[in-house]
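Residues per chain, in single letters:
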Amino acid sequence: MKTLQETFSGLKKRLGRLSFRTGVIVLSLCVPFYILSFAQMALPISTSAKGVLWVVLFGLAKTFQYGGLVILGAEGVKRIKLYFKRRRSAQEIE
């Protein structure tokens, strides 16, 4: 039987094989769930239901965030930073 560490390292390897584009899509999915996790506080429902919704939505946001980062890896994060750096310098020139 596999240990928990072996299971997670296997999952990390599988996610790391996915494409850069998939990583960006998964990472971008965390934004709507962060927004929903706090926006639901304005709903006219009980406090306990709000708490449950917050835990579920915030948990999904964190799952998408960390899953996207695992898929991207260190090189993918560098590519994204470089993209925003180039975009910012292009706007400063204009």
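What you see is a predicted model; the values in this text were computed from it and never measured.

Peer 1: What exactly am I supposed to notice about the overall build of the protein here?
Peer 2: Counting secondary structure elements, the protein contains 4 helices and 0 strands. Moving toward the C terminus, one meets the helices and strands of the protein in the order α-α-α-α. The C-alpha atoms of the protein give 18 Å as radius of gyration, which overshoots the globular expectation for 94 residues (12 Å, by more than 25%). Across its three principal directions, the C-alpha atoms of the protein cover 55 × 50 × 15 Å. Contacts in the protein between residues at least 24 apart in sequence constitute 70% of all its contacts with a sequence separation of at least 6. Looking at the protein as shown, the accessible area adds up to about 7,500 Å², and 67% of this sits on carbon and sulfur atoms. With 15 positive and 4 negative side-chain charges, the protein shows a spacing of 8 Å between the two charge centroids.

Peer 1: For this particular structure, what's the right way to read the pattern of salt bridges?
Peer 2: Working definition: two side chains of opposite charge can pair if their charged atoms are close together. Enumeration according to the criterion identifies 1 salt bridge in this entry. With its nearest N and O atoms 3.7 Å apart, the salt bridge here joins K78 to E75. Highlighted residues: K78 and E75, both in helix α4 (residues 47–93), separated by 3 residues, approximately one helical turn. For E75, a relative accessible area of 55% corresponds to the exposed category.

Peer 1: Quick question: what am I supposed to make of the packing of aromatic side chains here?
Peer 2: Counted according to the given criterion, the structure contains 6 aromatic pairs. Centroid distance Y34 to F58: 5.5 Å. Interplanar angle 70 degrees. Geometry classified as edge-to-face. Of this pair, Y34 sits in helix α3 (residues 30–39) while F58 sits in helix α4; the two residues are 24 residues apart in sequence, bridging distant segments of the chain. One aromatic cluster is present, formed by Y34, F38, W54 and F58 through successive ring pairs. Of note, R79 hangs over the ring of F20, and the distance from its end group to the ring centre comes to 3.8 Å.

About the thresholds
- Numbering of residues starts from 1 in each chain and follows the order in which that chain's sequence is written.
- Only residues with pLDDT of at least 70 are given local features in this predicted model, and only at 80 or more are side-chain atom pairs given and counted; all residues enter the totals for whole chains, interfaces and linings.
- Think of the side-chain values as coming from all heavy atoms in the structure, minus any hydrogens and water.
- A run of H or I in DSSP becomes a helix once it reaches four residues, and a run of E becomes a strand once it reaches two; helices and strands are each numbered from the N terminus.
- Radius of gyration means the value over C-alpha atoms here, while the globule rule gives 2.2 Å times the residue count to the 0.38 power.
- Pairs of residues are marked as contacts when any of their non-hydrogen atoms sit within 4.5 Å.
- Note on areas: Shrake-Rupley with a 1.4 Å probe; residue coverage comes only from the protein chains shown.
- By the counting scheme adopted, Arg and Lys are positive, Glu and Asp are negative, and His together with the chain ends is not counted.
- To locate a charge, the coordinates of NZ of Lys, CZ of Arg, CG of Asp or CD of Glu are taken.
- The term salt bridge refers to a pairing of a side-chain nitrogen on Lys or Arg with a carboxyl oxygen on Asp or Glu at a separation within 4 Å.
- Exposure is judged per residue with a 1.4 Å probe applied to protein chains only, and the accessible area is read against the type maximum: over 50% gives exposed, under 20% gives buried, and values in between give partly exposed.
- Aromatic rings from Phe, Tyr and Trp, with only the six-membered ring used for Trp, were paired whenever their centres fell within 6.5 Å, and each pair was classed as stacked if the ring planes differed by under 30 degrees, edge-to-face if by over 60, and tilted otherwise.
- To sit over a ring, a charge needs its Lys NZ or Arg CZ within 6 Å of the ring centre and within 35 degrees of the ring normal.

Taken by themselves, the reported measurements are silent on function.
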